[in-house]
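Residue-level structure breakdown
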Amino acid sequence: MWCSRMALRRLQKIAVTPLNITGGLTSNIQREMSTLRRVYVTRQIPPEGLKILRKSGQVQFELWDSDDIPVPRKELLQKVKGVDGLLCTLTEKIDAELLDAAGPNLKVLSTMSVGFDHLSLDELKKRGIRIGYTPEVLTDAVAELTVALLLATSRRLIEATHEAKTGGWGTWRTLWLCGYELANSTVGILGLGRIGVAIAERLAPFKVRKFIYTDVAPRPELASAINAEYVSFDELAKQSDFLAVCCALTPETKEICNKNLFSKMKKTSIFINTSRGGVVNQEDLYEALSTGQIAGAGLDVTVPEPLPTNHPLFTLKNCVILPHIASASYTTRDAMSSLAANNLLLGLRGQPMIKELKL
């Protein structure tokens, strides 16, 4: 497993060997430029990734030079025409329409994300396009944020801050703003992978009594690292005092967290999702929170994103919603952009990518 700081240093060293342009003559440079692969970058990605692309001498790239606004779809469809490679983020839908617009030159797609539900995998496979992605380097950042969100939700920190700011802080009261402790609790993990293990490792010092998990099948090697017990989906719901969702969004997991799950959870339980918004039925979650079926929820991901400010979930004091910032640390985002750039360059050279999604 890569630590994001170690990964960044390693990826900076991996940076693919630059193309050697010799002679110093304009004609030589022009000939070299004419052989460079064309790449489109759909966002102003963090500087380490752009530095790798610039220094490689292997590509000429154009980018949508904004980090605030995604590239408009019409613009994207124009810019991808004839490119050899595409470096995207999770905000761009890579589907048949886009791939048709790009044309047959497109051979490599590199996404600066660990998730790939924005990619039409069948279409990419049909066209023989290789896919690079960025798992592992964001494990630490996502695990840290998940723990922070869990604590903010269970100990009602957002409510408490609001009360302090708005005059609600009066005399000391015996049960005012009481929440739920991790000590002696059972923590459930839905989808045990690297991130789930990293979350458990960070929660263990809080004196958690027991870790349980469910997945498509038992994962004894990972589970042994955190002494976690494999249970059924129903038992996960029934036993968990805190339930952290860490599974990928697939057709099988779409809205898997629904009234069936929430109805089996304890009234004192806390639900946390830092995976993908699509795994939760938000109407069912609102019902569970507003009726006291569960105690609270912390979400870093929603459907859609951004979630409209008039969405019912925003009206609930027991629901903490963050704007999809789980991987938002400087170190991790630089490591993600470096890995995405290296994947792209290696793919264009026909070499094995550092992290390739095998179809």
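All values derive from a computational prediction rather than experimental measurement.

Our next topic: the packing of helix 3 (residues 47-56) against helix 14 (residues 330-348). Axis angle and axis distance: for two packed helices, these are the angle between their axes and the distance between the axes, and together they describe the pair. At a minimum axis separation of 6 Å, helix 3 and helix 14 run at an interaxial angle of 30°. Overall, the two elements helix 3 and helix 14 adopt an arrangement that is roughly parallel. The two elements helix 3 and helix 14 cross, and the hand of that crossing is right-handed. Each of P47, E48, G49, I52, L53 and S56 in helix 3 lies in contact with helix 14, whose residues at this interface are D334, S337, S338, A341, N342, L344 and L345. Looking at the contact of helix 3 with helix 14 residue by residue, the class counts come to 6 nonpolar, 5 polar and 2 charged.

What follows deals with the domain arrangement of the chain. When the domains of the chain are assigned, the result is domain 1 (33-137 + 332-357) and domain 2 (157-164 + 178-317). Spacing between the C-alpha centres of domain 1 and domain 2 amounts to 32 Å.

What follows concerns the environment of S154. Looking at the element boundaries, S154 is found in helix 7 (residues 139-154). If sequence neighbours within four positions are ignored, S154 has contacts with G179, Y180, F242 and I270.

What follows covers the sheet that holds strand 7 (residues 210-214). Strand order in the open sheet formed by 7 strands is 8-7-6-9-10-11-12, and the pairing between neighbours is parallel. Across the chains shown, the open sheet's two edge strands, defined by having one partner strand only, are strand 8 (228-230) and strand 12 (319-321). Pairwise comparison of adjacent strand axes, ignoring direction, gives a mean angle of 20° for this sheet. As judged from the 5 bridges shared by strand 6 (residues 186-190) and strand 7, these two strands associate in the parallel manner. Residue pairing across strands places G188 opposite I212, the latter belonging to strand 7.

Relative to strand 2 (residues 59-63), strand 1 (residues 37-41) runs parallel, the two being bridged by 5 bridges. When the sheet's bridge partners are listed, V39 is paired in strand 2 with F61. The parallel pair strand 1 and strand 2 is bridged by helix 3, and the resulting crossover is right-handed.

Criteria and thresholds
- Residues numbered from 1 in each chain as written.
- Predicted model: local features only at pLDDT ≥ 70, side-chain atom pairs only at ≥ 80, totals over all residues.
- Heavy atoms only, no water.
- Axes fitted to C-alpha atoms, helices over the stretch in contact; angles between N-to-C directions.
- Helix = DSSP H or I, 4+ residues; strand = E, 2+ residues; numbered from the N terminus.
- Parallel < 35°, antiparallel > 145°, perpendicular 65-115°, else oblique.
- Left-handed = near helix turned anticlockwise from the far one by under 90°.
- Contact = heavy atoms within 4.5 Å.
- Nonpolar A, V, L, I, M, F, W, Y, C, P; charged D, E, K, R; others polar.
- Domains from an automatic or database assignment.
- Pairing = 2+ DSSP bridges.
- Right-handed = clockwise from strand over helix to strand, strands pointing away.

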